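Now for the letters of each chain:
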Amino acid sequence: MRQTTAGLDTAHQNHGKVRNSLRINLVQGQHPLIRTGRVFHITGLFRQIATVQQVSQFREMPDIDVGRMRTYRLERIREQMRTRDVDLAILINPLSVRYAADVREFGLFQSRLPIYYLFLPLEGPVVMHSGLPSQVDEYESMIDEYRPAQDINVFNAGPDLQDRCRLFAEDVSEFLGTIGADQRRVAIEHVTPAVVQGMMQRDMEILDAVSLVEEARYIKSVDELECMRWSIAVAE
C-alpha cells in the first residue's frame, strides 16, 4: 500500500510539473503555436478557433458592436453585485467566464475539472487565473491581469487538495485587501467544500454566484440579440 501511495504522489508531482511548464510557456507566449500567431483552444489536443471572418463566409455579419456587448455583460454582473452587496464574484463555470470576460478556452474540460477562475470585483481590476491572454480577435480584452491559479480540483491537486484550497482562500483574502473590500462578501460558483471552508476560516461571508450570473443574463442587449439571430441564420 505504501508503494502504491508513493507512486500516486510521484505521478501527481510529475503531472503538476508538466502542466505548470505548459501553462508558463503559453502565458508568456513561448509556445511555438503562440509564436507563429496561430490561435488555439487547449483540450488535450489543439483545435483552431473559428473566426468571425470564417463564419461570415456563410452569412454576412450584421452590425454588432462586440466591444459594447462585452462592456454591457460585465456591467450586468456588477449591477447584480451592487444589488446583493457583493464585493467580489469568483466565476468558475465556463459559461459564466465566457459571459463576463469572453474567455473561450477548453470549456468542456473546465465544466468537469475547474483549472481556471475569474476574480471579478465590484470595483477594481478583473483578474484571470490560469487563462491565456486573448488573441481571438481584434477587440479589447475585458481582463486586466493574468495570474497563476491554485489547483482546486482533486485531479490536479491529488492528496494536497486541502492545502491548495487553503492557498486559494489566502489569495482571495489578499485580493480583498488590495481592493479595499472591508465587508468581505464573496459570491462564488460551484466548488469543492474545502474551498468554502478555507474562505470562511478567513472571515469571508460566502454567497451564491450562480443565481447572480443567471439573473444578469436574463436581459439581453441589442448586440446579443443580433448575435443570436446571426448564429441561428448561419446554422440554418
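Parameters and conventions
Positions within a chain are numbered from 1, following the residues in the order the chain's sequence is written. With the structure being a predicted model, the display of local features is reserved for residues of pLDDT at least 70 and the display and counting of side-chain atom pairs for 80 or more, all residues being used for whole-chain, interface and lining totals. Side-chain calculation: all heavy atoms of the structure are included, whereas hydrogens and water are not. Pairing between strands is defined by DSSP: at least two bridges between the two strands are required. Where helices and strands are cited, they refer to DSSP runs of H or I of at least four residues and of E of at least two residues respectively, numbered from the N terminus. Every axis in this analysis is a line fitted to C-alpha atoms, fitted for helices over the stretch in contact. Angles between the N-to-C directions lie between 0 and 180 degrees. The buried label goes to any residue with under 20% of its type's maximum accessible area, the exposed label to any with over 50%, and the partly exposed label to all in between, with areas taken from a 1.4 Å probe on protein chains only. Call a crossover right-handed when, viewed with both strands pointing away from you, the route from the first strand across the helix to the second goes clockwise. Each polar contact in these results corresponds to two N or O atoms within 3.5 Å; when the atoms are within protein, one needs to be able to donate a hydrogen and the other to accept it, and residues that are neighboring in sequence are counted only if both atoms are side-chain atoms. We define a salt bridge as a side-chain nitrogen of Lys or Arg found within 4 Å of a carboxyl oxygen belonging to Asp or Glu.

## Some details on the sheet that holds strand β7 (residues 185-188)
- Taken in spatial order, the six strands make up an open sheet running β6-β5-β4-β3-β7-β8, and their pairing is mixed. What marks the edges here is a single partner per strand, and that holds for β6 (145-147) and β8 (205-208). Put simply, the sheet's adjacent strands are angled 25° from each other on average, direction ignored.
- Examined bridge by bridge, strand β3 (residues 88-91) and strand β4 (residues 117-121) share four bridges and lie antiparallel to one another.

## Side note on unusual backbone geometry
- Phi at D85 is positive, roughly 60°, even though this residue is not glycine.
- The topology assignment puts D85 in the loop between α4 (66-83) and β3.
- In this structure D85 comes out as partly exposed when scored by relative accessible area, which is 35%.
- Positive phi, normally seen in glycine, also occurs at R184, with a value near 60°.

## Topic: the pairing of β7
- Side chains R185 and A187 of β7 all project onto a buried face; the interleaved residues V186 and I188 project onto the opposite face, where all are buried too.
- Bridge count for β3 against β7 is three bridges, and the pairing is parallel. Within β7, the residue paired with L88 across the bridge is V186.
- In this sheet, β8 lies alongside β7 in parallel orientation, the contact comprising four bridges. The residue bridging R185 from the neighbouring strand is E205, located in β8.
- The β-α-β motif built from β7, the intervening helix α9 (residues 193-201) and the parallel element β8 has right-handed crossover chirality.

## Some points on the side chain of D151
- Mapped onto the elements, D151 comes out in the loop between β6 and α7 (154-157).
- Within polar-contact distance, the side chain of D151 engages the side chain of R164 at 2.7 Å.

## Observations regarding the pattern of salt bridges
- Evaluated as defined, the whole model comprises 15 salt bridges.
- Ionic pairing is found between D102 and R70, a salt bridge with its closest N-O pair at 2.5 Å. Separated by 32 residues along the polypeptide, D102 in the loop between α5 (94-101) and α6 (107-112) and R70 in helix α4 bring together distant segments of the chain.
- When its relative accessible area of 6% is taken as the criterion, R70 is described as buried.
- Its salt-bridge partner being R164, residue D160 comes within 4.0 Å of it at the nearest N-O pair.

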